[in-house]
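Listed below, chain by chain, are the residues.
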Amino acid sequence: MKRGMLSVAGLMILLAISTIAGVCLGSVDLSFSQVLSIVFHPEVEDTAYHILWDIRIPRVLAALLLGGGLSVSGFLLQTFFQNPIAGPYVLGISSGAKLTVALVMIFLLGQGMVISSFGMVAAAFAGAMLAMGFVLVLSFRVQNMSFLVVCGIMIGYICSAITDFLVTFAADSNIVNLHNWSKGSFSGMSWENVRLMSILILAGVVCAFLLSKPISAYQLGETYARNMGVNITRLRVILILLSSLLSACVTAFAGPISFVGIAVPHLMKSLTKSAKPLLLIPCCFVGGAVITILCDTVARLVFAPTELSISSVTAIFLVPVVITMMVKKQRGSL
């Protein structure tokens, strides 16, 4: 328990440092004293004020919320499928959400209408549920979880290919600008986006945290969970809904973000030396927030003013984590 508390404290410190770095660093660097002055004395609306309040802070808060929510979604999916490489991106859930959002946006923009933030989340949730439903149908017919993951990857490729086709050959200039979103990006975040995602993400994470006890029993096997009075069917439905909601929010606002949902839960398990949901869920949220903010900062700075897609950066840093985890698992099964 002491290790867990120290881990949470360390992650909170890292979150503070990464948030400050994300706010201060950019194409126009702001000193920490400047940031404090603007935050506590916002009377003077100069260029630095607009950079901070209109661009940097909403973007960093979005990365914090969406990165944390994506990590918790990955933890829930790994628990549900009892598979260490299950995640929204790998199982095709993020790609399904991306496809439905693109379809809805293209249709509405073609009619001269603009989709609201809530509409994007609703469309993404529908796509996430469709992809999840397809994966679940396969899971009932296929007992080999490795094959199920491969099927999820194929679903993701198909959805991504259709989305890329739609975006590439779209005629409207506004639709063509969806290309950056389809690759994953936190640019253009507004306070309206942050308010809506904070409600949905925090509600989903809190619900997951409140389910820590039945999830802990479920981790020990269905028979044990039933003997402890857990309604397995209801728990599974809730896990599906929560994981789909969290991944849908991420995809709706930032596009697909790769490997955060897979790697962060494993990093947190290694850090805390525990698999208890009561500890892992908050650690996954904070750890995912830290990693996503840092990766977004790297995406903005490395080739500034050109910005990399967030998925490219997360893949570079987190794929080695996933490979290492798989190698360790394979060695342990020998």
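Below, the structure is looked at part by part. (Residues numbered from 1 in each chain as written. Predicted model: local features only at pLDDT ≥ 70, side-chain atom pairs only at ≥ 80, totals over all residues. Heavy atoms only, no water.)

### Considering the overall build of the protein
Looking only at helices and strands, one finds 15 helices and zero strands in the protein. Computed over its C-alpha atoms, the radius of gyration of the protein comes to 20 Å, within 12% of the 20 Å expected for a compact globule of 334 residues. Projected onto its principal axes, the C-alpha coordinates of the protein cover approximately 65 × 50 × 35 Å. The proportion of buried residues among the 334 residues of the protein is 51%. In the protein, once contacts between residues fewer than 6 apart in sequence are set aside, the share between residues at least 24 apart is 78%. Averaging the positions of the 19 positive and the 11 negative side-chain charges in the protein gives two centres separated by 25 Å. (Helix = DSSP H or I, 4+ residues; strand = E, 2+ residues; numbered from the N terminus. Rg over C-alpha atoms; globule rule 2.2 N^0.38 Å. Buried < 20%, exposed > 50% of the residue type's maximum accessible area, 1.4 Å probe, protein only. Contact = heavy atoms within 4.5 Å. Lys, Arg positive; Asp, Glu negative; His and termini not counted. Charge placed at Lys NZ, Arg CZ, Asp CG, Glu CD.)

### A few points about helix 3 (residues 47-81)
An ideal rise of 1.5 Å per residue puts 51 Å on 35 residues; helix 3 measures up with 49 Å between its terminal C-alpha atoms. The largest bend in helix 3 comes to about 35°, at Arg-56, with the proline Pro-58 one to four residues further on. Most of helix 3 is tucked away: 29 of the 35 residues are buried. Note on helix 3: the residue one or two positions beyond its end, Gln-82, has a positive phi of about 50°. (Expected span 1.5 Å × (residues − 1). Bend = angle between axes of the 7 residues up to and from the residue.)

### Re the side chain of Ser-274
Topologically, Ser-274 is positioned in the loop between helix 13 (260-272) and helix 14 (277-301). Within the structure, Ser-274 has its side chain in polar contact with the backbone nitrogen of Lys-276 (distance 3.1 Å). Not counting the four nearest positions on each side in its chain, Ser-274 is found in contact with Lys-269, Leu-279 and Leu-280. (Polar contact = N/O pair within 3.5 Å; in protein donor to acceptor, adjacent residues only side chain to side chain.)

### Some remarks on the packing of aromatic side chains
Counting across every chain of the model gives three aromatic pairs. Note on Phe-80 and Phe-81: the rings are 4.8 Å apart at their centroids and 80° apart in plane angle, and the pair reads as edge-to-face. With respect to burial, Phe-80 and Phe-81 carry one shared label: buried. Note on Tyr-89 and Phe-259: the rings are 5.9 Å apart at their centroids and 45° apart in plane angle, and the pair reads as tilted. Highlighted residues: Tyr-89 in the loop between helix 3 and helix 4 (93-110) and Phe-259 in the loop between helix 12 (232-254) and helix 13, separated in sequence by 170 residues. (Phe/Tyr/Trp six-rings, centres within 6.5 Å; stacked < 30°, edge-to-face > 60°.)

### Here we look at the packing of helix 9 (residues 191-210) against helix 14
Running from N to C, helix 9 and helix 14 cross one another at 160°; their axes reach a closest spacing of 9 Å. With respect to helix 14, the axis of helix 9 lies roughly antiparallel. For the crossing formed where helix 9 meets helix 14, the hand is right-handed. Two secondary-structure elements touch here, helix 9 through Ile-201, Leu-202, Val-205, Ala-208 and Phe-209 and helix 14 through Leu-278, Ile-281, Pro-282 and Phe-285. Residue composition of the contact of helix 9 with helix 14, grouped by class: nine nonpolar, no polar and no charged. (Axes fitted to C-alpha atoms, helices over the stretch in contact; angles between N-to-C directions. Parallel < 35°, antiparallel > 145°, perpendicular 65-115°, else oblique. Left-handed = near helix turned anticlockwise from the far one by under 90°. Nonpolar A, V, L, I, M, F, W, Y, C, P; charged D, E, K, R; others polar.)

### Some thoughts on the nonpolar core
Nonpolar side chains in soluble globular proteins tend to end up buried together. Leu-66, Val-72, Leu-76, Phe-81 and Phe-186 are the most contacted members of the largest nonpolar core, which has 104 residues in total. When residues of this core are assigned to their parent elements, the largest contribution, 18 residues, is made by helix 3. (Core = buried A, V, L, I, M, F, W, Y, C linked by side-chain atoms within 4.5 Å.)

### Quick look at helix 13
Compared with an ideal rise of 1.5 Å per residue, which puts 13 residues at 18 Å, helix 13 spans 18 Å between its outermost C-alpha atoms and is within 8% of the ideal. Inspection of helix 13 places Val-260, Gly-261, Ile-262, Ala-263, Val-264, Pro-265, His-266, Met-268 and Thr-272 among the buried residues, and these make up the whole buried set. Once helix 13 finishes, Lys-273 follows within two positions and takes phi at roughly 55°, a positive value.

### Structural notes on the pattern of salt bridges
Any two side chains of opposite charge can pair if their charged atoms end up close together. If you walk through the whole model with that rule in mind, you get five salt bridges. With a shortest N-O distance of 2.4 Å, Glu-222 and Arg-236 are connected by a salt bridge. A residue pair is termed long-range when its members are at least 10 positions apart, and Glu-222 in helix 11 (residues 222-227) and Arg-236 in helix 12 qualify at 14 residues. Judged by relative accessible area, which is 27%, Glu-222 ranks as partly exposed. Residue Arg-236 is classed as partly exposed on the basis of its relative accessible area, which comes to 26%. A single salt-bridge network, built from bridges that share partners, covers Arg-59, Asp-296, Arg-300 and Glu-307. (Salt bridge = Lys/Arg side-chain N within 4 Å of Asp/Glu carboxyl O.)

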